[in-house]
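Here is what each chain is made of, one letter per residue.
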Amino acid sequence: AQTVTQSQPEMSVQEAETVTLSCTYDTSENNYYLFWYKQPPSRQMILVIRQEAYKQQNATENRFSVNFQKAAKSFSLKISDSQLGDTAMYFCAFTLPLIQGAQKLVFGQGTRLTINP
Amino acid sequence: GAGVSQTPSNKVTEKGKYVELRCDPISGHTALYWYRQSLGQGPEFLIYFQGTGAADDSGLPNDRFFAVRPEGSVSTLKIQRTERGDSAVYLCASSLIQNSPLHFGNGTRLTVT
């Protein structure tokens, strides 16, 4: 079974700083997808960034980028120039390619990120 | 455009009662998912619909849980004889086609007293 581990329950940084959230996962498969989701107090899970395991290039989305280390099974999220609106729970998630057509996401336990003014 | 809508936003019920949670996906999205998020945890997969049929219900914890999507749009998650351990946020998500990104709703927070 696949597992996802986020070892930082909480993190706090000052506005405009850079912060890195850690995630490790365990799988015996070679092809899979990794995600970072943001969950603000509204409870909605918002996709931040997605990485396909077969792509060597790290994904980037504006201020968000990942460091994907396939051999180490590590998938960290870097947030540059952090903003107050980045305050939220962040979840790392994993899925194999479609199983019976389904994206069965496996989530980590989350990291609560606070951006201080 | 409208996102995934879930109702009610919050539901408080007594142990042993029956509850229904509703999910209205984004128009045109054929894939629909239910996840459950217990306090302090990440969401866990419950069930997946492709169209009207439940293609994968392997995450449902027991036979008290059941979900339907009769017309391939709105879905209802039904929980019989609720237990305190069922208390959680129930999240619904939909996607346009099978491998496109999931769009989540704001969830229903269920509290069983």
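Going by the structure above, here's the rest.
I will try to describe carefully the structure that is included in this document. (Residues numbered from 1 in each chain as written. Chains lettered and ligands numbered in written order. Predicted model: local features only at pLDDT ≥ 70, side-chain atom pairs only at ≥ 80, totals over all residues. Heavy atoms only, no water.)

A word on the overall build of chain A
The line we're drawing: Note on conventions: DSSP H or I runs of at least 4 residues are helices, E runs of at least 2 residues are strands, and numbering of each starts at the N terminus. Both definitions apply: the radius of gyration is a C-alpha atom measure, and the globule rule equals 2.2 Å times residues to the power 0.38. By the convention used here, residues are in contact when the closest approach between their heavy atoms is within 4.5 Å.
A count of helices and strands for chain A gives 0 helices and 12 strands. Each helix and strand of chain A, ordered N terminal to C terminal, gives the series β-β-β-β-β-β-β-β-β-β-β-β. Its C-alpha atoms give chain A a radius of gyration of 14 Å, near enough to 13 Å, the size a compact globule of 117 residues would have. Counting only contacts in chain A whose residues sit at least 6 apart along the sequence, the fraction spanning at least 24 positions is 56%.

Some details on the packing of aromatic side chains
Definition in use: In this scheme Phe, Tyr and Trp rings, the latter by its six-membered ring, pair at centre separations within 6.5 Å, and the angle between planes marks the pair as stacked below 30 degrees, edge-to-face above 60, and tilted otherwise. Burial classes: relative accessible area under 20% of the type maximum marks a residue as buried, over 50% as exposed, and values in between as partly exposed (1.4 Å probe, protein chains only).
With the rule as written, the count across this model stands at 14 aromatic pairs over all chains. Where W36 of chain A meets F75 of chain A, the ring centres are 6.3 Å apart and the plane angle is 20 degrees; that geometry is what we call stacked. One end of the pair, W36 of chain A, is in strand β5 (residues 33-39); the other, F75 of chain A, is in strand β9 (residues 74-79), with 39 residues separating them in the sequence. Judged by centre distance (6.3 Å) and plane angle (80 degrees), the rings of F68 of chain A and F75 of chain A are edge-to-face. The class for F68 of chain A is buried, based on a relative accessible area of 8%. Taken together, the aromatic side chains of F35, Y37, F91 and F107 of chain A together with Y33, Y35, F45, Y48 and F104 of chain B make up a single cluster linked through ring pairs.

Focus: the pattern of salt bridges
Threshold: For this document, the term salt bridge refers to a Lys or Arg side-chain nitrogen within 4 Å of an Asp or Glu carboxyl oxygen.
If you walk through the whole model with that rule in mind, you get 8 salt bridges over all chains. Taking the shortest distance from any N to any O, the salt bridge between D86 of chain A and R63 of chain A comes out at 2.9 Å. Here D86 of chain A, found in the loop between β9 and β10 (88-95), pairs with R63 of chain A, found in the loop between β7 (60-61) and β8 (64-69); they are 23 residues apart in sequence, far enough to count as distant. For the pair formed by D86 of chain A and R63 of chain A, the shared burial category is buried. Where R64 of chain B meets E83 of chain B, a salt bridge forms, and the shortest distance between an N and an O atom there is 3.5 Å. Of this pair, R64 of chain B sits in the loop between β6 (53-56) and β7 (65-68) while E83 of chain B sits in the loop between β8 (75-79) and β9 (88-95); the two residues are 19 residues apart in sequence, bridging distant segments of the chain.

What about the interface of chain B and chain A?
Spelled out, the test is: Accessible-area loss on putting two parts together, using a 1.4 Å probe and summing over both, is the definition of buried area adopted here.
Contacts between chain B and chain A engage 27 residues on the former and 20 residues on the latter. Carbon and sulfur atoms supply 45% of the area buried between chain B and chain A, which totals about 2000 Å² over both sides. The largest share of the area that chain B buries against chain A comes from N99, F104 and N106 of chain B, three residues that together contribute 28% of it. Counting the contacts that link chain B with chain A gives 1 salt bridge.

Regarding the environment of Q83 of chain A
Residues and elements named next belong to chain A. Here Q83 lies in the loop between β9 and β10. Between the C-alpha atoms of Q83 and A72, which are 11 residues apart in sequence, the distance is 30 Å. If sequence neighbours within four positions are ignored, Q83 has contacts with E15, R63 and I115.

Considerations on the sheet that holds strand β3 (residues 19-24) of chain B
By way of backbone hydrogen bonds, the strands of a sheet pair with one another, either parallel or antiparallel. Residues and elements named next belong to chain B. Here is the rule: Two strands qualify as a pair provided DSSP detects at least 2 bridges between them. Orientation is described by axes fitted as lines to C-alpha atoms, over the contacting stretch for helices, and by angles from 0 to 180 degrees between their N-to-C directions.
Read across the sheet, 4 strands follow the order β1-β3-β8-β7 without closing on themselves; strand pairing throughout is antiparallel. Each edge of the open sheet carries a strand with a single partner, namely β1 (5-7) and β7. Taken pair by pair, the neighbouring strands of this sheet meet at an average axis angle of 15 degrees, ignoring direction. Bridge analysis of β1 against β3 gives 3 bridges, and the strand direction is antiparallel. Bridge pairing links Q6 to C23 in β3.

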